[in-house]
Amino acid sequence: MKNILVVGGAGYIGSHCVKMLKERGYNPVVYDNLSKGHRAAVRGIKFEKGDLGDKKKLARVFKKHDIEAVMHFAAFIEVGESVKEPARYYNNNIVKVISLLDAMVENGIKYFVFSSTAATFGEPVEPKISEAHPQNPINPYGQSKLMVEKVLKDYDKAYGLKSSVLRYFNAAGADDGGKIGESHTPETHLLPIILQAAAGKRESIKIFGTDYPTKDGSCVRDFVHVNDLSSAHILALEKMARSGESDDFNLGSGEGFTVKEVIESAKRVTGRDFKVETAARRAGDPAVLVADSAKAKRVLGWETLYNLDKIIKTAWRWEQKRRY
């Protein structure tokens, strides 16, 4: 298996996965409508501009490039926005994904790697979240991802479409060489916002909620480097091809940090001080999200190579020489 269609491959995680696929001898083809992604992130890679819900265009692309598997990174991902605009999220994250899956079934493509999320679990009932943890999303973003997980199980039974579901915790960091990195408009993710404050591009950083039941009142999150996530995608694809079976994996470092701790780490790594403000909680934010990734380590042989300081160092390098 060599020819992989990476849907949403010009986005943050997708572009890093495309880079790693190329480095490991695969032939990635990026399929992206560029509503969120950046063409500059995938220079030198085969590129097809198209919409996730365009079955006819997808069928042509599948045939043109002899596609054997699909990786999906084309979701809308902002929790707060999903609460305000659920219809937009359900349309893009469910309806259009079903169109993609139908196009795959109609064209005989049997392997699908799906970027899911820890948001499918909702409020944790255990200190670390394994694959067996109950899934009770508390926002439309998490609901949309969980629905596709259920669809994939039914498509496996009915059509033999095999899938590997990968539930990310907090993706962070950037390419070690600083050539590609995280770039959203507007930026809503914690670490790039912190580093923009460190770089003087923002007046301050806000902590949303200081009354959570955590050690310092701010949310606890598990940060995993984008390259570690990319490695997991490739390992999951290879395992699925070997076994012919669908599976699901939680991907995180297994270590939780409060927002305040991340801010202090960023100040230490960058050597910069900046203003920190507090604000009310945001709708749909759980207090604590930390992964139990033992299954991915056991079944896939996956390991995380970046701790929080290394994650921040790569993100800071990108922030200082941002290219798009």
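Our subject is the structure that appears above.
The rules behind these values
Residues numbered from 1 in each chain as written. Predicted model: local features only at pLDDT ≥ 70, side-chain atom pairs only at ≥ 80, totals over all residues. Heavy atoms only, no water. Helix = DSSP H or I, 4+ residues; strand = E, 2+ residues; numbered from the N terminus. Contact = heavy atoms within 4.5 Å. Phe/Tyr/Trp six-rings, centres within 6.5 Å; stacked < 30°, edge-to-face > 60°. Buried < 20%, exposed > 50% of the residue type's maximum accessible area, 1.4 Å probe, protein only. Lys NZ or Arg CZ within 6 Å of the ring centre and 35° of its normal. 1 Å grid on protein atoms, 1.4 Å probe; cavity = no way out; pocket = protein on both sides within 12 Å on 5 of 7 lines; lining within 4 Å. Points joined across faces, edges and corners; volume = space filled by probe spheres on them. Nonpolar A, V, L, I, M, F, W, Y, C, P; charged D, E, K, R; others polar. Pairing = 2+ DSSP bridges. Axes fitted to C-alpha atoms, helices over the stretch in contact; angles between N-to-C directions. Core = buried A, V, L, I, M, F, W, Y, C linked by side-chain atoms within 4.5 Å. Expected span 1.5 Å × (residues − 1). Polar contact = N/O pair within 3.5 Å; in protein donor to acceptor, adjacent residues only side chain to side chain. Salt bridge = Lys/Arg side-chain N within 4 Å of Asp/Glu carboxyl O.

A. Representation of the environment of Arg-323 within the structure. Its location among the elements puts Arg-323 in the segment after helix 10 (308-320). Sequence separation between Arg-323 and Ala-266 is 57 residues, and the spatial gap between their C-alpha atoms is 21 Å. Beyond its immediate sequence surroundings of up to four residues, Arg-323 is in contact with Gly-178, Lys-179 and Trp-318.

B. Here's a closer look at the packing of aromatic side chains. Under the counting rule described, the total for this entry stands at four aromatic pairs. Plain terms: the ring middles of Phe-112 and Phe-114 are 6.1 Å apart, the flat faces sit at 20° to each other, and that makes the pair stacked. When sorted by exposure, Phe-112 lands in the same class as Phe-114, which is buried. Both rings, one in Trp-318 and one in Tyr-324, keep their centres 4.9 Å apart while their planes meet at 55°; by these two values the pair is tilted. Grouping residues by exposure puts Trp-318 and Tyr-324 together as buried. For the cation-ring pair, Lys-295 lies above Phe-249, with the distance from its terminal atom to the ring centre recorded as 5.1 Å.

C. Expanded view of the layout of surface pockets. The calculated volume of the second largest pocket comes to roughly 220 Å³. Lining the second largest pocket we find 13 residues, and of these Ala-40, Ala-41, Val-42, Arg-43 and Ile-180 sit closest to its centre. Its residues assigned to classes, the lining of the second largest pocket shows seven nonpolar, one polar and five charged.

D. The sheet that holds strand 4 (residues 69-72), seen in detail. If you trace the seven strands from one edge of the open sheet to the other, you get 3-2-1-4-5-6-10, paired in parallel fashion. Two strands lie at the open edges of the sheet, namely strand 3 (46-49) and strand 10 (247-251), each paired on one side alone. Mean inter-strand twist for the sheet, computed between neighbouring axes without regard to direction, equals 20°. Summarising the sheet, strand 5 (residues 111-117) and strand 6 (residues 162-168) pair through seven bridges and their orientation is parallel. Across the sheet, Phe-112 pairs through a bridge with Ser-163, a residue of strand 6. Along the sheet, helix 5 (residues 140-159) makes contact with strand 4, strand 5 and strand 6, crossing strand 5 at roughly 155°.

E. Seen up close, the pairing of strand 9 (residues 220-225). Among the six residues that make up strand 9, six are buried, leaving the element largely enclosed by the rest of the structure. Direction of pairing for strand 7 (residues 170-172) relative to strand 9: parallel, over a ladder of three bridges. Bridge pairing links Ala-171 to Val-224 in strand 9. As defined by bridge partners, strand 9 adjoins strand 13 (residues 288-289) across two bridges and the pair is classed as parallel.

F. Geometry of the nonpolar core. Counting 35 residues, the largest nonpolar core has Ile-4, Ile-13, Leu-21, Met-71, Leu-251 and Trp-302 as its most contacted members. For this core, the secondary structure elements donating two or more residues are strand 1 (3-7), helix 1 (12-23), strand 4, strand 6, helix 7 (226-243), strand 10 and helix 9 (294-300). The element contributing the most residues to this core is helix 7, with eight residues. The contact partners of Leu-21, leaving out residues within four places of it in the chain, are Ile-4, Val-6, Tyr-26, Pro-28, Met-71 and Ile-234.

G. Summary view of unusual backbone geometry. With an omega dihedral of -5°, the bond running from Thr-185 to Pro-186 counts as a cis peptide bond. You can see Pro-186 is positioned in the loop between strand 7 and helix 6 (190-198). Even without glycine at this site, Leu-34 takes up a positive phi of about 65°. Tracing the sequence through the fold places Leu-34 in the loop between strand 2 (27-32) and strand 3. Take Leu-34: its relative accessible area is 27%, and that puts it in the partly exposed class.

H. Local environment of helix 7. Here helix 7 contains 18 residues, and its C-alpha end-to-end distance of 26 Å stays within 8% of the 26 Å for a straight helix at 1.5 Å per residue. Counting buried positions along helix 7 gives 13 out of 18 residues, so the element sits mostly inside the fold. Two residues or fewer after helix 7 comes Gly-244, characterised by a positive phi angle close to 70°.

I. Molecular detail of helix 10. Over its 13 residues, helix 10 extends 18 Å from the first C-alpha to the last, a length consistent with the 18 Å expected when each residue adds 1.5 Å. Check the buried side of helix 10 and you find it contacts strand 7, helix 6, strand 9, strand 11 (256-258) and helix 8 (259-270). Backbone nitrogen of Asp-309 and a side-chain oxygen of the N-cap are separated by 3.3 Å at the start of helix 10; the cap is Asn-307.

J. Quick peek at the pattern of salt bridges. By the definition in use, this model includes 19 salt bridges. Among the ionic pairs, Lys-19 bridges to Glu-23, the shortest N-O distance being 2.6 Å. Of the two residues, Lys-19 and Glu-23 both sit in helix 1, four residues apart, roughly one turn of that helix. Glu-277 is paired through a salt bridge with Lys-275; the nearest N and O atoms lie 3.4 Å apart. Given the relative accessible area of 26%, Glu-277 is considered partly exposed. Here Lys-275 falls in the partly exposed class, since its relative accessible area comes to 48%. Within the structure, one salt-bridge network assembled from shared partners comprises Glu-149, Arg-167, Asp-247, Asp-248 and Lys-295.

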